[in-house]
Amino acid sequence: MAVVRDEQVSVRSEDEVVRVRQFAREWAISLGFGLVDQTKIVTAASELARNTVIYGGGGTVRFQALNDGPRRGLRLTFEDTGPGIADLQLALKDGYSTGTGLGLGLSGAKRLMSEFEIHSTPGQGTRVAVTRWK
Amino acid sequence: MTDGAKSALPSLLGRYEKEILEDWVKLQLASDTHRADLVTERDVRSESQRFLEATRTAIANGTDIRTPEWNDVKNLLTELSQSRARQGFSPSETAMFVFSLKQPLFGRIRTELAKDPAALADATWAATSLIDRLGILTMEVYQKGREGVIQRQQEELLELSTPVVRLWDNVVAVPLIGTLDSARTQVVMENLLQEIVNLGAAIAIIDITGVPTVDTLVAQHLLKAVAAARLMGADCIISGIRPQIAQTIVHLGVDLGDVVTKATLADAFALALKRNGLTVTKVAAVSSGS
Amino acid sequence: MERIPILKMGRYLLVTIQVDMHDRLAMALQDDLMEQIRRHHAEGVLIDISALDLVDSFIGRMLGNIAAMARILDADTVVTGMRPAVAITLVELGLSLTGVRTALNVERGMELLDTAREERETGDGRRQG
């Protein structure tokens, strides 16, 4: 599998969350995703970007365009050095939230994308990678 | 196998281009694959001339048609192949245009190199392998063209079979026909939702009379479409559910929730009118007068 | 900081969301709306999201909050103009927006507010104790 394009952006503030959404939209469009898929990608990016800022204390997101044989995909990797998630199972459950959210950030993003991967160590940080294949 | 450029072929082509062209055109016109009904003598001459010219130029750099020097020749053949396909030529007929160059070319090679058998063999080999590759190229272009047509037809079929119709003010219907697969159902649902917005229709009837089977995936897509329509401020009625499908739905354990279902499109339409505060009444019979 | 304008339309208030909202703006909108409902004794709120190409759980939460708070102030809320791609994504996301009524456009939204008020008032009349 080849990474055809690669870019990393900071996600440390609300304004940068907005910027991440715009980037996600641009990348999705340039990879030829249809409108509905674009919306799913940007929505997932918004959820995860917010999580990174609010719960992770800010971090980065990496955009990658992937070529896996005939199929093309977009991968977003959110990383922070925040408090981490102690109970991943619980965090991935619908409706679970430690804040005032609807608790759909992680589980929602998972549903909207083709692949979802999460690594988290309490006290060290969290990394979430989501991929949508065309 | 020697590199064609080192053979005598390029110089032969350079020196005797005119003669080869004459022989070639004559041959094409006399051949029984010549389509006098589709192409004039002038066209044959001009196409052949352009091809020969381009080949002569390109071959000076070698006979590997993958190199950029051969792009002009390839573009020419692509253009030719596409235009001939449009005119109604079969792919073989188009390929024959290229293959028919062999005879005049071999003839010229034999005449000029009769005294040098090794060079004759090299040049002949170079010529035949080059022409074979170019002939195959025209077939490939033709094939790609057909694949493009098939794909476009498939897309059109997809759209054709799922029109969203406006039944009345505020009421649209989409009659689903044929076997539904995941991709198609999604396309239909997106179309339906867009038409709901375009027409400002708050009631959408999804009629599945023409759908032979429903599996869990399709049922889920239908339910998602209904949920999406609701979120937008419209409501859906599913009609045309045959007894077998009703059975399948129950067996699969699909929960239709509070989605309204009707046996026929007519019933669904009547309900839609009712929701709009309308009824259908019979016009009083007009008494006959003279 | 810019604030989202709130228009008075008879008994109702109309908000048209056109920007990519961040948290501060959303908070300000909620505060402004509640203030305006109180000041004008508004009976309903129309939130037009036809310009939004995205509704995530944050916006969904905001809409739900507005509907709940407005209800406490005796006003109904209708969200109008949701785009198909957004609706499809919300269904996939699992966000149900309960407590939020929706309509295809502002005009339909107003009709809905009219009937909603009637229903509530007739209901109240029939309520016992």
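Just above, that's the structure.
Predicted model, so just to flag it, every value in this text is computed and none were measured.

Chemist: Describe helix α3 (residues 84-93) of chain C, and please don't skip the residues or the numbers.
Modeler: With 9 of 10 residues buried, α3 of chain C lies mostly within the body of the structure. Residues P84, A85, V86, A87, I88, T89, L90, V91 and L93 of chain C constitute the buried set of α3 of chain C. Tucked into the core, α3 of chain C has its buried residues touching α2 (35-54) and α4 (105-112) of chain A together with α8 (182-199) and α9 (216-232) of chain B. In the segment just after α3 of chain C, G94 of chain C is the residue with positive phi, at about 95°.

Chemist: Describe the pairing of strand β4 (residues 76-80) of chain C, listing the residues and the values that go with them.
Modeler: Regular strands place their side chains on alternate faces of the sheet. Residues and elements named next belong to chain C. Extensive coverage of β4 is indicated by the burial of 5 of its 5 residues. Side chains of β4 alternate between two faces, with D76, V78 and T80 and T77 and V79 buried alike. Relative to β4, strand β3 (residues 44-48) runs parallel, the two being bridged by 5 bridges. Note that in β4 the partner of L46 across the bridge is V78. The parallel pair β3 and β4, bridged by helix α2 (residues 57-72), forms a crossover whose chirality is right-handed. Direction of pairing for β4 relative to strand β5 (residues 101-103): parallel, over a ladder of 3 bridges. Note that in β5 the partner of T80 across the bridge is A103.

Chemist: How would you summarise the nonpolar core if you had to cite specific residues and measurements?
Modeler: Ranked by internal contacts, the top residues of the largest apolar core, which has 105 residues, are I196, A204, A229 and M232 of chain B together with V45 and A87 of chain C. Considering every element that reaches this core, the biggest residue donor is α9 of chain B, with 9 residues. Contact partners of A229 of chain B, with chain neighbours within four places excluded, come to L193, I196, A204, A234, D235 and C236 of chain B. Judged by nonpolar contacts, the second largest core, of 29 residues, contains L13, I59, L113 and A127 of chain B.

Chemist: Which residues make up the interface of chain A and chain C, and what values do they have?
Modeler: Facing the 22 residues of chain A at the interface are 19 residues of chain C. Looking at the side of chain A that touches chain C, the elements with two or more residues in it are α1 (14-30), α2 and α4 of chain A. Taken together, the residues that form the side of chain A that touches chain C break down as 8 nonpolar, 6 polar and 8 charged.

Chemist: With reference to specific residues and values, describe helix α10 (residues 243-252) of chain B.
Modeler: Across the 10 residues of α10 of chain B, 0 count as buried, placing the element largely on the outside. Of the residues trailing α10 of chain B, G253 of chain B is marked for its positive phi of about 75°.

Conventions we followed
- Residues numbered from 1 in each chain as written.
- Chains lettered and ligands numbered in written order.
- Predicted model: local features only at pLDDT ≥ 70, side-chain atom pairs only at ≥ 80, totals over all residues.
- Buried ≥ 20, exposed ≤ 12 C-beta atoms within 10 Å, placed from the backbone.
- Helix = DSSP H or I, 4+ residues; strand = E, 2+ residues; numbered from the N terminus.
- Contact = placed C-beta atoms within 7 Å.
- Pairing = 2+ DSSP bridges.
- Right-handed = clockwise from strand over helix to strand, strands pointing away.
- Core = buried A, V, L, I, M, F, W, Y, C linked by C-beta atoms within 7 Å.
- Nonpolar A, V, L, I, M, F, W, Y, C, P; charged D, E, K, R; others polar.

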